[in-house]
Amino acid sequence: MSLDVHPVLDALAKSRQSSDSMKTSTMTFAIFFGEGEGADWVRMRTRALAEKHPSRVIVFDASKGQDDRVVEPSKTRGEWIEIGVRGASPQELEAALTQLALHDAPVVLLWIAEALSADERFLVLAPRADTTICSTSVARTDERPLRDLSMFVERHPEIMIQDVAYLRLVAWQELVAEFFDEPACRRELLALRSVEVTAGSDAEMYYLLGWLASRLAWTPIDGQTFRAPGGNVRYTMIHDGPPRRLTKVVLSSEHASFTAAVHPEDQNAICLDVTGSTACPSRFAPLHTVDLASLVERAILARTRDPVFIESLAMAKAIIERHVG
Amino acid sequence: MPEAVATVSTDGKAENPLRTGMQSERISDPCSLVFFGASGDLFKRMLLPAVYSLRLHGVMPNDFAIVGVSRTEYSDDDFRAYCKEQLEQFAPADQKPQGAMWDDFAKRLFYVTGEFDDHKCFGSLAKCLADNEKNLGTKGNRLFYLSTPPSVFPAIIECLQEADLNQQQEGWARIIVEKPFGTDLTSARALQTAVEKVFPENKVYRIDHYLGKEPVQDIMALRFANTIFEPVWNRNYVDSIQITAAEQLGVELRGGYYDNAGALRDMIQNHVMNLLALVAMEPPSSSDADAIRNEKYKVLESITPPEHAKVPEMSARGQYGAGAINGKPVIAYRQEPDVNPNSNTETFASVRLEVENWRWAGVPFYLRSGKRLAKKNSEIAVTFKPIPHRIYGERTDTIEPDVLVMKIQPDEGVAMRFSAKVPGMKAHIRSVFMDFNYGTGFGVQSPPAYERLIGDAMRGDQTLFTRWDAVERAWEIVMPVLDAWQNTKDLTFPNYASGSQGPESAFKLFPGWRPL
């Protein structure tokens, strides 16, 4: 069986000749959907992104046969190509990407599938991309994709990879950091005794703990405890709320407690509360840019490996090993 | 482990280790924003929606307060209701006031009623700000925004000083001054004297909303984020540069203001002069505010103001008569509400200037701005020199010079005109346009200018605000023309029909104007 992309190339050439408007392209945006992962909501969000950053979008959909082929060259600002790739070999996929990619524009790969390092197709496509974006909480809600990603990153330090599940935490990281901007509150960082994280999937929880631990020199010693410079810190993960959404973070010391939680009646607002010795009036913060399109855009614009992400991922893996085994 | 972790210390003086390596942009310090003229048109249409949008997008700090000051009598609750009503009307559909974010925003809105020269009013303002510091954690940081008629700027500034609101033991005090900064060189200097007595230059943000527009910022990106333009960006390759700011609109409801201002003051002295500086400046050493503003100033410094005797040959003015815009009849300027029926005010101004430096010697810069013209169109067109030797094209072909157009509004983007061979056996050459639109190139709306500028002022970034030396120099450049025009009545007024390309005199000044 071979993956023939010539009909697609012909359709693109015809469309370019008949179109009277100039095309602007910022990238080739290759999206791979694994078997059973062709979620429509991901398609919708990536369309929004392709509108903002005009691209040649190539959707490889492993849930569809090769007769399913769509070319929409001028409907959106860029070009939208969908190809069913059920049963296609990794080499055929690589050849298809090479043929269809725009010259002189970077290739961004968005990988929406359960496996990473265990999937030969990923191992072949990722090195072809300038930026690879995965999501460790889109196909499963447990810790396995995160463990898989950390192994891949260890083995392939040369590949520029980003995880949407980590990028989703940026707004939360900012808010948690803000608690400790005041010198009086900063002292409490060394005196923290417990951390509680609530989310609908594991990846976000492990990432938040991994980020905190890597910043504060904490080391996981068992499935519930970090060893920290000022004493042990107990951690709790609560599975609650919709998948891929962090809903609450509580940091407590002996004297104070810092809580950031999604507003019960407004999903776009986070309530910030500090009680105890450093208490201050409750505040609100907007929860913005956590939709997939914004997160993928952030990944595309980053261009370099974020060392904090790499360190948080390594620490998340260490926590998983103590927590799950 | 990351190195930064070692910096955690018990004395609380170390940097916040959670911020180490964080790639997100720091938002502003906690602060109070004080809007003078909060019952006015600018506040409700532009400033309030901009501030609310900044809040929804996480650009505002979480500890903030907004204080409106105006003559209209409101309680805090009245003001909150007023703001909600205005946001319902003027905010974009996805930013209407609702939910927990609006409730929190509303709680942080306050109002002080009073005259702008009434010391009691400023006493109430001082108390309100002190209460906010205590209750809302605004940390003594204050940003004052003068969105009132310019005539009351000096009184407000003086009262701020007398109420001791211009300096803080802890925190900062900054001031945003709306344009126009003066009505001529003398009044601008007088206003500056009032300002500098109270606020040092690094706390003064002279706003020209034009500079906050994305395409204006794109001028610098085009020039300094590419290598292909810089080698030809000089007198060796450039024949002329024309800068246009054309409007279809008339004076609308601003007849009273406009009749005392005119196109030269309203547009050329500020917006258009800023565009000239951006297009002609040398590459700055960095993106630092003063590095950029130094280079912009040097351009203006290199322009010799026209000699009085040469004003007629270096400028052209016009005033619109009746005509038609988009097929609909419109009245003449002199018939507009609040306009003197014998007005000598120009609604069209055009000037030829030269930037006398190594890069631009001998290259004319043509500036024009007008109301009730054929089309709304703001752009900078760089016309390159003709080819030195012709080897291509049939005898009858005209080989047009290349033109690079930076389109500012309404179709933001960049266009390039160059010559190409017509397919066929013969060697016909014709001009083709390659057209890039930000609107269709990047499918996203640029953030409104006020949003960008208020956000920058909160963060203390003065890059997109005009420094006093540049304001003063721009007035010095236009003053001879302004004086000449004020001292001689133009008997030909009205001299262009609404909906036309402008007065004939503009085409005598420069026949090469690109059609609108």
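These numbers come from a predicted model, not from an experiment. (Residues numbered from 1 in each chain as written. Chains lettered and ligands numbered in written order. Predicted model: local features only at pLDDT ≥ 70, side-chain atom pairs only at ≥ 80, totals over all residues.)

Asker: Please clarify how the overall build of chain B should be interpreted in this entry.
Answerer: When its secondary structure is counted, chain B shows 15 helices and 17 strands. The C-alpha atoms of chain B give a radius of gyration of 25 Å, which matches the 24 Å a tight globule of 516 residues would have. Dimensions of chain B, computed from C-alpha atoms along their principal axes, come out at roughly 80 × 70 × 40 Å. Looking at chain B as a whole, 43% of its 516 residues are labelled buried. Residue pairs at least 24 apart in sequence account for 77% of intrachain contacts in chain B once pairs closer than 6 positions are excluded. (Helix = DSSP H or I, 4+ residues; strand = E, 2+ residues; numbered from the N terminus. Rg over C-alpha atoms; globule rule 2.2 N^0.38 Å. Buried ≥ 20, exposed ≤ 12 C-beta atoms within 10 Å, placed from the backbone. Contact = placed C-beta atoms within 7 Å.)

Asker: Got a minute to help me understand the overall build of chain A in this structure?
Answerer: Regarding its fold elements, chain A presents eleven helices and 15 strands. At 22 Å, chain A has a C-alpha radius of gyration in line with the 20 Å of a compact globule built from 325 residues. Counting the 325 residues in chain A, one finds 46% classified as buried. In chain A, of all internal contacts separated by at least 6 residues, the share reaching a separation of at least 24 is 70%.

Asker: How do you make sense of the pairing of strand β2 (residues 55-61) of chain A when you look at a structure like this?
Answerer: The two faces of the sheet receive side chains in turn, since in a regular strand these alternate between them. All names here are of chain A. In terms of burial, β2 is largely enclosed, as seven of its seven residues are buried. The alternating pattern of β2 places S55, V57, V59 and D61 and R56, I58 and F60 on opposite faces, both of which are buried. Relative to β2, strand β1 (residues 27-33) is paired through seven bridges, and the arrangement is parallel. Residue pairing across strands places F32 opposite F60, the latter belonging to β2. Here β2 runs beside strand β4 (residues 79-84); their pairing, made up of six bridges, is parallel. Residue pairing for β4: F60 is matched across the bridge by I83. (Pairing = 2+ DSSP bridges.)

Asker: How should I be thinking about the interface of chain B and chain A in this particular structure?
Answerer: It is common to give the size of an interface as the accessible area that goes away when the parts come together. Chain B puts 36 residues into the contact, and the matching count from chain A is 44 residues. For the side of chain B that touches chain A, the elements supplying multiple residues, two or more each, are α1 (41-56), α3 (99-107), β16 (429-437) and α12 (438-441) of chain B. Within the side of chain B that touches chain A, the residues separate by chemical class into 14 nonpolar, 16 polar and six charged. (Nonpolar A, V, L, I, M, F, W, Y, C, P; charged D, E, K, R; others polar.)

Asker: Help me understand the domain arrangement of chain B, please; the structure alone is not making it clear to me.
Answerer: The domain boundaries assigned to chain B delineate domain 1 (29-178) and domain 2 (211-452 + 460-509). Here the C-alpha centroids of domain 1 of chain B and domain 2 of chain B sit 35 Å apart. (Domains from an automatic or database assignment.)

Asker: Whenever I open this one, helix α9 (residues 263-280) of chain B confuses me. Can you help?
Answerer: Residue pairs three or four apart in sequence face the same way in an α-helix, which turns once every 3.6 residues. All names here are of chain B. Over its 18 residues, α9 runs only 22 Å from end to end, short of the ideal 26 Å by more than 12%, given 1.5 Å per residue. Of all the bends in α9, the greatest measures close to 35° and is centred on M273. With respect to burial, α9 is a largely interior element, 18 of its 18 residues being buried. (Expected span 1.5 Å × (residues − 1). Bend = angle between axes of the 7 residues up to and from the residue.)

Asker: Explain the confidence of the model for chain B here, please?
Answerer: Atomic detail in the predicted coordinates should be set aside for any region of low pLDDT. Residues and elements named next belong to chain B. Of all residues in chain B, 94% attain a pLDDT of 70 or more, and the chain-wide mean is 91. In the model of chain B, α12 stands out as the element of lowest mean pLDDT, 60, in contrast to strand β12 (residues 364-370), which has the highest, 98. The ipTM, which scores confidence in the relative placement of chains, is 0.85 for this predicted complex, and the corresponding pTM is 0.85. (pLDDT = per-residue confidence, 0-100.)

Asker: What is the right way to look at the packing of α9(B) against helix α14 (residues 468-487) of chain B in this model?
Answerer: The packing of two helices is summarised by the inter-axis angle and the distance between the axes. All names here are of chain B. Close contact between α9 and α14 brings their axes to 10 Å; oriented N to C, the two are set at 145°. In this structure, α9 meets α14 at a crossing whose hand is right-handed. For the pair α9 and α14, the contacting residues are L264, I268, Q269, N270 and M273 in the first and A474, W475, V478, V481 and L482 in the second. (Axes fitted to C-alpha atoms, helices over the stretch in contact; angles between N-to-C directions. Left-handed = near helix turned anticlockwise from the far one by under 90°.)

Asker: How should I be thinking about the nonpolar core in this particular structure?
Answerer: Nonpolar side chains in soluble globular proteins tend to be buried together. Counting 230 residues, the largest nonpolar core has A:L109, A:L208, A:L209 and B:L276 as the members making the most contacts within it. Among the elements that take part in this core, α9(B) stands out by supplying twelve residues, more than any other. With residues up to four places along the chain from it excluded, the contact list for A:L109 reads A:A30, A:F32, A:L125, A:A126, A:A129, A:T132 and A:I133. (Core = buried A, V, L, I, M, F, W, Y, C linked by C-beta atoms within 7 Å.)

Asker: Explain the sheet that holds strand β15 (residues 280-286) of chain A here, please?
Answerer: Pairing between the strands of a sheet comes from backbone hydrogen bonds, and it takes one of two forms, parallel or antiparallel. Within the open sheet, the eight strands sit side by side as β9-β10-β11-β8-β12-β13-β14-β15 (chain A). Their pairing is mixed. Single-partner strands in this sheet number two, and they are β9 (219-220) and β15 of chain A. Where strand β13 (residues 256-263) of chain A meets strand β14 (residues 266-276) of chain A, eight bridges bridge the pair, whose relative direction is antiparallel. Considered in β14(A), the bridge of A:T259 is made with A:D273. With respect to the sheet, α3(B) is in contact with β13, β14 and β15 of chain A, its orientation differing from that of β14(A) by roughly 55°.

Asker: Sorry, what's going on with unusual backbone geometry here?
Answerer: What is expected of a backbone is that most residues other than glycine have negative phi and most peptide bonds are trans. A cis amide bond links B:K179 to the next residue, B:P180, at an omega of 5°. Within the element layout of this structure, B:P180 appears in the loop between β5 (173-177) and α6 (185-198). Looking along the chain, the bond that leaves B:Q409 and enters B:P410 is cis, with omega of 5°. Its location among the elements puts B:P410 in the loop between β14 (403-409) and β15 (413-421). Not every positive phi belongs to a glycine, and A:R244 is a case in point at roughly 65°. Within the secondary structure, A:R244 sits in the loop between β11 (231-239) and β12 (246-253). Classification of A:R244 by C-beta neighbours within 10 Å gives buried; the count is 21.

Asker: Help me understand the pairing of β1(A), please; the structure alone is not making it clear to me.
Answerer: Residues and elements named next belong to chain A. Of all the seven residues making up β1, seven are buried; the element is thus mostly covered by neighbouring parts of the structure. The alternating pattern of β1 places M27, F29, I31 and F33 on one face and T28, A30 and F32 on the opposite face, and all of these are buried. As paired elements, β1 and strand β5 (residues 107-112) share six bridges and run parallel to each other. Across the sheet, I31 pairs through a bridge with L110, a residue of β5.

Asker: Explain the packing of helix α2 (residues 40-52) of chain A against helix α10 (residues 292-302) of chain A to me, please; I cannot follow it from the model alone.
Answerer: Residue and element names in this part refer to chain A. Orientation of α2 relative to α10, taken along the N-to-C sense of each, is 50°, at an axis distance of 8 Å. Taken together, the axes of α2 and α10 lie oblique to each other. Along this stretch, α2 crosses α10, giving a crossing that reads as right-handed. Each of V42, R45, T46, A48, L49 and K52 in α2 lies in contact with α10, whose residues at this interface are L292, A293, V296 and E297. Class assignment for the residues of the contact of α2 with α10 results in six nonpolar, one polar and three charged. (Parallel < 35°, antiparallel > 145°, perpendicular 65-115°, else oblique.)

Asker: Can you help me understand the environment of B:V216 in this one?
Answerer: Residue and element names in this part refer to chain B. By the element assignment, V216 lies in helix α7 (residues 214-224). For V216, a count of 24 C-beta atoms within 10 Å gives the class buried. As for V216 and M406, which are separated by 190 residues in sequence, their C-alpha atoms are 8.8 Å apart. Residues within four places of V216 in sequence aside, it is in contact with Y210, L211, L275, L278 and I408.

Asker: Would you explain the sheet that holds strand β17 (residues 496-498) of chain B in this entry?
Answerer: Residues and elements named next belong to chain B. In space, the three strands of this open sheet follow the order β10-β9-β17, with mixed pairing throughout. Edge positions in the sheet fall to β10 (328-330) and β17, since each of these pairs with one other strand and no more. Sheet twist, expressed as the mean angle between neighbouring strand axes with direction ignored, is 25°. Judged from the three bridges that link them, strand β9 (residues 320-325) and β10 form a sheet pairing that is antiparallel. Each bridged residue has a counterpart across the sheet, and for G323 the counterpart in β10 is V330.

Asker: Sorry if this is basic, but what is going on with the environment of B:R372 here?
Answerer: Residues and elements named next belong to chain B. Mapped onto the elements, R372 comes out in the loop between β12 and β13 (377-384). Separated by 84 residues in the primary sequence, R372 and D288 place their C-alpha atoms 38 Å from one another. Ignoring any residue separated from it by four or fewer positions in sequence, one finds R372 in contact with Q248, G250, Y320, G323, I325, V330, T347, S498 and G499.

Asker: Would you explain helix α4 (residues 119-136) of chain B in this entry?
Answerer: All names here are of chain B. With 18 residues, α4 should reach 26 Å at 1.5 Å per residue; the first-to-last C-alpha distance of 25 Å fits that figure. Here α4 has its buried residues at C121, F122, L125, L129, N132, E133 and L136. Looking straight down α4, one finds its buried side chains confined to an arc of 120°; they lie on one side. Those residues of α4 that are exposed and angled more than 90 degrees off the buried face are K120, K127, K134 and N135. (Arc of directions from axis to C-beta.)

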